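Per-entry structural report
The lines below spell out each chain.
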Amino acid sequence: MSKELVAYFSRKGENYVNGAIKSLDIGNTEVAAKMIGDMTGADMFQIEPVKEYNPDYNICIEEAKRDKGANIRPEFKHAPDDISAYETIYLGYPNYWGTMPMHVWTFLEKYDFTGKTIKPFCTHEGSDVGSSEQDIKTLCPDAKVERPLSIHGASVNEAKDAIEKWI
């Protein structure tokens, strides 16, 4: 049996949900990540920023836009020393400005994904996965990158069947 990891970036607190700003106790991507972890028994790793984005949603999206525009690679906490034991990585993230948050770029550039299978899953409020699939393939050219699972964030609690089928 291959060793699996669910690595994900998620935002709790103020989020855009079905056209309104709402406060979430658990971010949508984390909800999906936990479902995947429960279904697969995979190890879990949350990509947590060293410097959090602003808790105000509107300021946060401007900070994320600035990071993307400047091609910043923000640091994250508790980075695993090594991921070589994992054959499959379920990679979760919200769609930030048409792709993954820049913290996920940092994660993908930090480790060697040669020969690994990356199964992306993306939460969004209508923007789908954007360019994230191609971005992952560019960052990890020697990995097998499977087609991403697109999850409408506001409907994440009803996504269990879709996640199960995708796995």
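Up top is the structure.
Keep in mind that this is a model prediction, so the values were computed, not measured.

A tally of regular secondary structure across the protein chain gives five helices and eight strands. Reading the protein chain from its N terminus to its C terminus gives the helix and strand order β-β-β-α-β-α-β-α-β-α-β-β-α. Overall, the C-alpha framework of the protein chain stretches about 45 × 35 × 25 Å when taken along its three principal axes. Across the 167 residues that make up the protein chain, the buried fraction comes to 50%. Relative to all contacts within the protein chain whose residues are 6 or more apart in sequence, the contacts with residues 24 or more apart total 80%. Surface accessibility of the protein chain: about 8500 Å² in total, with carbon and sulfur atoms responsible for 46%.

A few words now on the pairing of strand S3 (residues 20-24). Relative to S3, strand S2 (residues 13-17) is paired through five bridges, and the arrangement is antiparallel. From the neighbouring strand, Gly-13 faces S3, where its bridge partner is Leu-24. Linking two consecutive strands that pair antiparallel, namely S2 and S3, is a turn of two residues; a positive phi of about 50 degrees is found at Asn-18 within it.

So, about the pattern of salt bridges. Taken as a whole and judged by the stated rule, the model has eight salt bridges. Two residues, Asp-43 and Lys-3, come together in a salt bridge whose shortest N-O distance is 3.0 Å. Linking Asp-43 in strand S4 (residues 43-46) with Lys-3 in the segment before strand S1 (4-8), this pair joins segments that are 40 residues apart in sequence. For Asp-43, a relative accessible area of 30% corresponds to the partly exposed category. Overall, the relative accessible area of 38% leaves Lys-3 in the partly exposed class. The salt bridge involving Lys-34 is made with Glu-30; its shortest N-O contact spans 3.2 Å.

This paragraph deals with the state of the cysteines. What the rule picks out here adds up to zero disulfides. Of the cysteine sulfurs around Cys-140, a residue in no disulfide, the closest is that of Cys-122, at 16 Å. When its relative accessible area of 4% is taken as the criterion, Cys-140 is described as buried.

Moving on, we get to the packing of aromatic side chains. With the rule as written, the count across this model stands at ten aromatic pairs. Taking 6.1 Å as the distance between ring centres and 65 degrees as the angle between the ring planes, the aromatic pair formed by Phe-121 and Trp-166 counts as edge-to-face. Placement of the pair is Phe-121 in strand S6 (residues 117-124) and Trp-166 in helix H5 (residues 160-166), with a sequence separation of 45 residues. Exposure remark for Phe-121: the relative accessible area of 0% places this residue in the buried category. Classification of Trp-166 by relative accessible area gives buried; the value is 15%. Its end group placed over the ring of Trp-166, Lys-119 keeps NZ or CZ at 5.0 Å from the ring centre.

Rules used throughout
- Residues numbered from 1 in each chain as written.
- Predicted model: local features only at pLDDT ≥ 70, side-chain atom pairs only at ≥ 80, totals over all residues.
- Heavy atoms only, no water.
- Helix = DSSP H or I, 4+ residues; strand = E, 2+ residues; numbered from the N terminus.
- Buried < 20%, exposed > 50% of the residue type's maximum accessible area, 1.4 Å probe, protein only.
- Contact = heavy atoms within 4.5 Å.
- Areas by Shrake-Rupley, 256 points an atom, 1.4 Å probe, with all protein chains shown as cover.
- Pairing = 2+ DSSP bridges.
- Salt bridge = Lys/Arg side-chain N within 4 Å of Asp/Glu carboxyl O.
- Disulfide = S-S within 2.5 Å.
- Phe/Tyr/Trp six-rings, centres within 6.5 Å; stacked < 30°, edge-to-face > 60°.
- Lys NZ or Arg CZ within 6 Å of the ring centre and 35° of its normal.

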